[in-house]
Amino acid sequence: MANNKKFIFTLLLILLGTTGIAPMESSVLVIPDGVDDQIEIQAAFEQYKSVKLAEGIFSTSAPIIMPSGSKLVGSGSKTILMPAAAITVIQSQPGNSHIKISNLTIDGNWVDSYITAMYFRENNYVDLISISVINSSHMGVFFEDSSYNNIRDSRFVNNGSIGGDSALWFSRGERNSILRNSFIGNQNGSCSQGANYTRVLFNYYEANNFDAVNLTYAGGDKPHSQGFLIAHNIIKGPSQPGTQGIHLNRMENGKVFRNKISGVGGHGIALDYSNYVKVRWNDISNTGWSGIVLYNQGDYGASYNLIEDNSVYQVSLTEVDVSGIDIGNAYCNYNKVIGNTIRKGNSPFQRFGIRIQSGAAYNEILGNDIRDGYLDLPILDDGIGTIIEGNKW
């Protein structure tokens, strides 16, 4: 098979001043023939750190294994890797690091099995740049116990076949970045489970079936995940009930800043047993349920959060008895809701501007503008020791 390929070799010498010459870094161009193309790609990695793929469809029947320090570079969107069987298209050995994949498309082709386009376990410093991942029947890209990875300027479309599937998933690890990507028509957009210090910035989400952005803890009796930043993202629809813009489950010490969320069928932003989170300067409109909600899990609530200077417009479009901002029942304590603007628009069900449910204690509702933000009451307070001052209605 390899003899039928055209290989074009490029050798690059790097001079290091007057002290000598660095070892040669080499690259090779591989042209597909459409049958078991992973064999030639893998053979190229045995000799070269950088493998360039020509335009065309590369058919793979086994995973491409990325070595440490390797680069796989396509020639643009017309470089397409497509599985011929139920396989992971690209992965690496545990412990490998400093891997770069760019300028190509992985088309899962909806192979009739449960496949993931890329899988990385215990792989750090992986860069995925300007790639497209489409039509994978399970996860698009899945990282497990991996840190310091960057996914940017990439496109994820139509990935996942059941509710738990995601276009991009981090399981544990820390300091991973999701920057300037688009997530369209997936089961979930970008998700992180048990990962700390995740950054989700300047991404575009549209018509993902469940959560656009989901950050959750590691599960079981594990502690809350820490230190995230979700900012400057645009999230649109879909309007089906339960679809949420940003869902935080057992997260702490994070920031949700300057996101624009519209047309989702569930909550705009949901803090589920999450504490010490700052939610500021977000624009939320036309959601099926509450604009922003804080709620509890059993005996544990969302507490010590700051909800400040957000705009909430025309929410509660499909769910009866929800509010612009809703502080859930017992154990949602010591939250501050300050300086938010709430308008009901044409919402048929936005009964309250702000609601504090029974059992929520010692929350502060300060300086909010709720003029034309409710059908029944500007603020419904069934909580304990709530401080309500300086609001306008």
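Just so you know, these numbers come straight off a predicted model, no measurement behind them. (Residues numbered from 1 in each chain as written. Predicted model: local features only at pLDDT ≥ 70, side-chain atom pairs only at ≥ 80, totals over all residues. Heavy atoms only, no water.)

**Student:** I'd like a rundown of the packing of aromatic side chains, residues and numbers included.
**Tutor:** If you walk through the whole model with that rule in mind, you get 11 aromatic pairs. Judged by centre distance (5.1 Å) and plane angle (5 degrees), the rings of tyrosine 276 and tyrosine 304 are stacked. Taken together, the residues tyrosine 276 in the loop between strand 31 (269-272) and strand 32 (278-280) and tyrosine 304 in the loop between strand 34 (292-295) and strand 35 (306-308) connect sequence positions 28 residues apart. Overall, tyrosine 276 belongs to the partly exposed group, its relative accessible area being 42%. With relative accessibility at 41%, the residue tyrosine 304 sits in the partly exposed group. Through a chain of ring-to-ring contacts, three or more aromatic side chains come together here, namely Tyr276, Tyr304, Tyr334 and Tyr362. When the ring centre of tyrosine 197 is taken as reference, the NZ or CZ atom of arginine 175 above it lies at 4.3 Å. Note that arginine 258 overlies the ring of tryptophan 281, its terminal NZ or CZ placed 4.5 Å from the centroid. (Phe/Tyr/Trp six-rings, centres within 6.5 Å; stacked < 30°, edge-to-face > 60°. Helix = DSSP H or I, 4+ residues; strand = E, 2+ residues; numbered from the N terminus. Buried < 20%, exposed > 50% of the residue type's maximum accessible area, 1.4 Å probe, protein only. Lys NZ or Arg CZ within 6 Å of the ring centre and 35° of its normal.)

**Student:** Residues and numbers for the environment of aspartate 165, please.
**Tutor:** Here aspartate 165 lies in the loop between strand 16 (155-157) and strand 17 (168-171). For the pair aspartate 165 and glycine 189, spaced 24 residues apart in sequence, the C-alpha separation works out to 9.0 Å. Once residues lying within four places of it in the same chain are set aside, the contact partners of aspartate 165 are Tyr114, Ser137, His138, Met139, Gly160, Gln187 and Asn188. (Contact = heavy atoms within 4.5 Å.)

**Student:** Explain unusual backbone geometry residue by residue, including any values.
**Tutor:** Put simply, glycine 237 and proline 238 share a cis peptide bond, and its omega is 5 degrees. The topology assignment puts proline 238 in the loop between strand 26 (234-236) and strand 27 (244-249). Look at asparagine 158: it is not a glycine, yet its phi comes out positive at around 60 degrees. Tracing the chain through its elements places asparagine 158 in the loop between strand 16 and strand 17. Phi angles above zero are rare outside glycine, and alanine 207 is one such case at about 60 degrees. Along the polypeptide, alanine 207 turns up in the loop between strand 22 (204-206) and strand 23 (211-216).

**Student:** Just give me the short version of the pairing of strand 27, but keep the residues and values in it.
**Tutor:** Counting buried positions along strand 27 yields six of six residues, so the element is predominantly enclosed. One ladder, built from five bridges, connects strand 23 with strand 27; its direction is parallel. From the neighbouring strand, asparagine 214 faces strand 27, where its bridge partner is histidine 247. (Pairing = 2+ DSSP bridges.)

**Student:** Mind laying out the sheet that holds strand 19 (residues 182-184), listing which residues take part and the relevant values?
**Tutor:** The 12 strands are arranged 4-7-10-13-16-19-22-26-30-33-36-39 in an open sheet whose pairing can be described as parallel. Two strands in the sheet have a free side with no partner beyond their single neighbour: strand 4 (56-60) and strand 39 (341-343). The mean inter-strand angle of the sheet, taken between neighbouring strand axes irrespective of direction, is 10 degrees. Of the pairings in the sheet, the one linking strand 19 to strand 22 comprises three bridges and is parallel in character. When the sheet's bridge partners are listed, serine 182 is paired in strand 22 with tyrosine 204. In the packing of helix 1 (residues 37-45) onto the sheet, contacts are made with strand 4 and strand 7 (79-83), and the angle to strand 4 comes to roughly 90 degrees. (Axes fitted to C-alpha atoms, helices over the stretch in contact; angles between N-to-C directions.)

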